[in-house]
Amino acid sequence: MIQLLEIVGRSVAVYIFMIIAVRFTGKKELSQLNTTDVILILLISNSVQNAMVGSDTSLLGGLCAAAVLFALNFILKKLIFKSSSFRNIINQKPEILIHNGQMDFKNLSKLEITQDELEEAMREHGIEKIKEVKWAIFEIDGNISIISGNNNLKQTHYKRKHQRKNLTEM
């Protein structure tokens, strides 16, 4: 029983560490996983597995660690939903990149988004000129949403991944 309590404590510590680490690496990284990011995730999962279960390699130890992670994730999502102050600590806020055709260079620099990346997002939505954009917003999930300034106010959503969606999926 003491060994299971130790697994619970270790799992809680690892989960909290991972939440903090992801929070500080920024939302830009969440939306574009490349090969090095996948390798990092695999290596992190392997390295923290031992930190969670210690020397207990039993089925019960592994199930206990997994149950703690699921429970913590459930609790975290409930807290984020119910508490705006907690949500502000865990989640970042959307950032305005373009407002009424004017780029916010301060936010672009802070978020390390190049003008080329922003223009790529615009082209994905069929927008040629920055002055045609009413709003470009860097969302909390790391994607760029664009609302054009034309009369139809067409809203589009740019996924910052290097895969293209078929037009039939949109």
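Values in this document were obtained by computation on a predicted structure and should not be read as measured data. (Residues numbered from 1 in each chain as written. Predicted model: local features only at pLDDT ≥ 70, side-chain atom pairs only at ≥ 80, totals over all residues. Heavy atoms only, no water.)

(A) Fine view of the overall build of the protein chain. The helix and strand inventory of the protein chain stands at 7 helices and 5 strands. Helices and strands appear in the protein chain in the N-to-C order α-α-α-α-α-β-β-α-α-β-β-β. Taken across its 170 residues, the protein chain has 29% of its residues classed as buried. Of the contacts made within the protein chain by residues no fewer than 6 positions apart, 56% connect residues no fewer than 24 positions apart. (Helix = DSSP H or I, 4+ residues; strand = E, 2+ residues; numbered from the N terminus. Buried < 20%, exposed > 50% of the residue type's maximum accessible area, 1.4 Å probe, protein only. Contact = heavy atoms within 4.5 Å.)

(B) Layout of the environment of M18. Examined against the element boundaries, M18 turns out to sit in helix α1 (residues 2–25). Looking at M18, the relative accessible area reads 24%, which means it is partly exposed. Between the C-alpha atoms of M18 and V48, which are 30 residues apart in sequence, the distance is 9.5 Å.

(C) Quick peek at the nonpolar core. L97, I98, L118 and I146 are the most contacted members of the largest nonpolar core, which has 16 residues in total. Broken down by secondary-structure element, the contributors of at least two residues to this core are β1 (95–99), α6 (105–111), α7 (115–124), β3 (133–138) and β4 (144–148). Apart from residues no more than four positions distant in its own chain, L97 is found in contact with Q102, M103, D104, N107, L108, L111, I113, L118, A136, F138 and I144. (Core = buried A, V, L, I, M, F, W, Y, C linked by side-chain atoms within 4.5 Å.)

(D) Spatial organisation of a nonpolar patch on the surface. The grouping of I16, I20 and F24 at the surface amounts to a nonpolar patch, some 340 Å² of accessible area in total. Take I20: it is sitting in helix α1. (Patch = residues over 30% accessible without salt bridge, like charges linked within 9 Å, V, L, I, M, F, W, Y side chains within 5 Å. Areas by Shrake-Rupley, 256 points an atom, 1.4 Å probe, with all protein chains shown as cover. Salt bridge = Lys/Arg side-chain N within 4 Å of Asp/Glu carboxyl O.)

(E) Examining the side chain of S145 more closely. Within the secondary structure, S145 sits in strand β4. Classification of S145 by relative accessible area gives buried; the value is 6%. Only 2.8 Å separates the side chain of S145 from the side chain of E139, close enough to count as a polar contact. (Polar contact = N/O pair within 3.5 Å; in protein donor to acceptor, adjacent residues only side chain to side chain.)

(F) A look at the pairing of β4. When you tally the buried positions in β4, you get 4 out of 5 residues, the bulk of the element. Here 5 bridges tie β3 to β4, and the two strands are oriented antiparallel to one another. Bridged to V133 within β4 is S148. Hairpin connection between β3 and β4: a loop of 5 residues separates the two successive antiparallel strands, and G142 in this loop has a positive phi of roughly 90 degrees. (Pairing = 2+ DSSP bridges.)

(G) Region of the structure containing the pairing of β3. Sheet topology note: the β1/β3 ladder contains 4 bridges and is antiparallel. Among the inter-strand pairings, I98 is bridged to a residue of β3, identified as A136.

(H) Looking closely at the confidence of the model for the protein chain. Counting all residues, the mean pLDDT for the protein chain is 79, and 81% of those residues have values of 70 or more. Across residues 161–170 the pLDDT falls below 50, and counting only partners more than four positions away or on other chains, this stretch makes 3 contacts in the model. (pLDDT = per-residue confidence, 0-100.)

(I) Just helix α4 (residues 59–82), in detail. Taking 1.5 Å of rise per residue, 24 residues should cover 34 Å, and α4 covers 34 Å from first to last C-alpha, within 8% of that figure. Within α4 the residues assigned to the buried category are G61, C64, A65, V68, L72, L76 and I80. (Expected span 1.5 Å × (residues − 1).)

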